[in-house]
Amino acid sequence: MNRQLTQQEIDAVFQKIKGRAEDPASKAVSFDFRRPDRIAKSQVRAIHLLHENFVRNLASSLSAYLRSYLTVNLISVEQLSYGEFLEGLPSPTCLVSLSLRPYDGNALIELNPSLIFPIVEIILGGKGRASGNLKREITEIEQNLLETLFRIILNDLKEAWKGVTLIDFKIEAVATEPQMLQILAPNEAVVAVGIEIRIGDNSGTLNLAIPSINIKMIGQKFDQQWNLRKTEPTEAERQRIFKLIRAAEAELDACLRGPSLRVSDLLEMEVGDLLKLDHRLDQSFDCEINGKAKYRGRVINSNQKKAFLIEAMPEARV
């Protein structure tokens, strides 16, 4: 049935529309289209757990390769623009562009100079005590020495991602200045993974940037194949870790702490002089492994050799 609306009915309709427009819940929200695209928080958590497995395997692999004790810790997983990622890198540094086959695009991996020079010294047979404060570019010879190191890193990275999807990480280019590798537009989004590596007194970070668009492409595989719960390592994984660290070396020191003594007084000591150590005979002392107190006990004779008898764990230090 056709009929015309009265003026009162028309005014009532407009009043209702106006009332809804003034509702705070229906107000438009401003949006900056230059803002980097974001991935779901669930995927960020999955990437965090994935790289926790990566750093555990990397610690074992690098310890076996360098034959030196080191620690590897995951410190951050965050989303930011590619330009912001480059701005946070030191200059000069070591940058490696990676292909992500079978996916398009590239990822970026960066290793701080504070780690490069100690690692190069260890590879050449040194103790890894090179200063991490050197401000120079790495040479072509040093780049060649680091090829095996990066191959180990990429192999562990591939194994970590295998639970989600198979990615063949391959080195495509190496640079020393962050602005020389423009693999993405500055405003494009990346997932930045920060990993701390400590070798003796030297420490630095290994940074990884993966384009968010690539992670979105495999988003369904995260939901289908990646278990967000932590799982215990299998027996085969345990045996692999033991095999890798079996050849690693550790420094063990059982030190009897005493008072400070000047060199001049030490040189003037003669036969019959008594040096007081302020340490009771029945008092145990610390056994240090790579400079960290691990056990408490005492030194004994065992088969005509010196041995350390473990009696307790050291007290927690505040």
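Residue positions within a chain follow its written sequence, with the count starting from 1. Only residues with pLDDT of at least 70 are given local features in this predicted model, and only at 80 or more are side-chain atom pairs given and counted; all residues enter the totals for whole chains, interfaces and linings. The side-chain figures draw on all heavy atoms in the structure; neither hydrogens nor water molecules are used.

**A few points about the packing of helix H2 (residues 41-66) against helix H6 (residues 147-161)**
For step 1, the next point in the chain: Each axis is a line fitted through C-alpha atoms, taken for helices only over the stretch in contact, and angles between the N-to-C directions span 0 to 180 degrees. To qualify as a helix, a DSSP run of H or I must reach at least 4 residues; to qualify as a strand, a run of E must reach at least 2; elements of each kind are numbered from the N terminus. One way to put it is that H2 packs onto H6 with a least axis distance of 9 Å and a crossing angle of 145 degrees. For H2 against H6, the interelement crossing comes out right-handed. On the side of H2, the interface is formed by Leu50, His51, Phe54, Asn57, Leu58, Ser61, Leu62 and Tyr65, while H6 contributes Thr148, Leu149, Ile152, Ile153, Asp156, Leu157, Ala160 and Trp161.
For step 2, the next point in the chain: Nonpolar residues are Ala, Val, Leu, Ile, Met, Phe, Trp, Tyr, Cys and Pro. Charged residues are Asp, Glu, Lys and Arg, and all others, Gly as well, are polar. Along the lines of polarity and charge, the residues of the contact of H2 with H6 split into 11 nonpolar, 4 polar and 1 charged. The handedness criterion is simple: a crossing whose near helix is rotated anticlockwise from the far helix by less than a right angle is left-handed, and one whose near helix is rotated clockwise is right-handed. Should any heavy atoms of two residues lie within 4.5 Å, those residues are counted as being in contact.

**A closer look at H2**
For step 1, the next point in the chain: The span expected for a helix works out to 1.5 Å for each residue beyond the first. Given a rise of 1.5 Å per residue, 26 residues ought to cover 38 Å, and the 36 Å separating the end C-alpha atoms of H2 matches this to within 8%.
For step 2, the next point in the chain: The first or second residue beyond H2 is Arg67, which carries a positive phi of 50 degrees.

**A short note on the side chain of Ser284**
For step 1, the next point in the chain: Its location among the elements puts Ser284 in the loop between helix H10 (263-267) and strand E8 (285-289).
For step 2, the next point in the chain: Accessible area is worked out with a 1.4 Å probe on protein chains only. A residue is then buried under 20% of its type maximum, exposed over 50%, and partly exposed in between. Its relative accessible area of 19% is what places Ser284 among the buried residues.
For step 3, the next point in the chain: Every residue in contact with Ser284, bar those within four places of it in the chain, is listed here: His279, Arg296, Gly297 and Glu311.

**Some details on H6**
For step 1, the next point in the chain: With 15 residues, H6 should reach 21 Å at 1.5 Å per residue; the first-to-last C-alpha distance of 21 Å fits that figure.
For step 2, the next point in the chain: Buried within H6 are the following residues: Leu149, Phe150, Ile152, Ile153, Leu154, Asp156, Leu157, Ala160 and Trp161.

**Some details on the pattern of salt bridges**
For step 1, the next point in the chain: Here a salt bridge means any side-chain nitrogen of Lys or Arg lying within 4 Å of a carboxyl oxygen belonging to Asp or Glu. Within the structure shown, the criterion is met by 7 salt bridges.
For step 2, the next point in the chain: The closest approach of N and O atoms between Arg238 and Glu235, which form a salt bridge, is 3.7 Å. In this pair, Arg238 and Glu235 both sit in helix H9 (residues 235-245), 3 residues apart, roughly one turn of the helix.
For step 3, the next point in the chain: The residue Glu311 makes a salt bridge to Arg298 at a minimum N-O spacing of 2.7 Å. Of this pair, Glu311 sits in strand E10 (residues 305-312) while Arg298 sits in strand E9 (residues 292-302), and the two are 13 residues apart along the sequence.
For step 4, the next point in the chain: For Glu311, a relative accessible area of 43% translates into the label partly exposed.

**Concerning the side chain of Thr176**
For step 1, the next point in the chain: Summarising the element assignment, Thr176 is placed in the loop between strand E4 (168-175) and strand E5 (189-199).
For step 2, the next point in the chain: Residue classification places Thr176 among the buried residues on the basis of a relative accessible area of 8%.
For step 3, the next point in the chain: Not counting residues up to four positions away in its chain, the partners in contact with Thr176 are Pro92, Thr93, Glu137 and Ile138.

**Quick word on the confidence of the model for the protein**
For residues with low pLDDT, the predicted coordinates do not support detailed interpretation.
For step 1, the next point in the chain: Confidence scores labelled pLDDT are given residue by residue by the predictor and lie between 0 and 100. Of the residues in the protein, 84% have a pLDDT of 70 or more, and the chain-wide mean is 80.
For step 2, the next point in the chain: Segment residues 226-230: pLDDT under 50, and 12 contacts once partners within four positions in sequence are set aside and those in other chains are kept.

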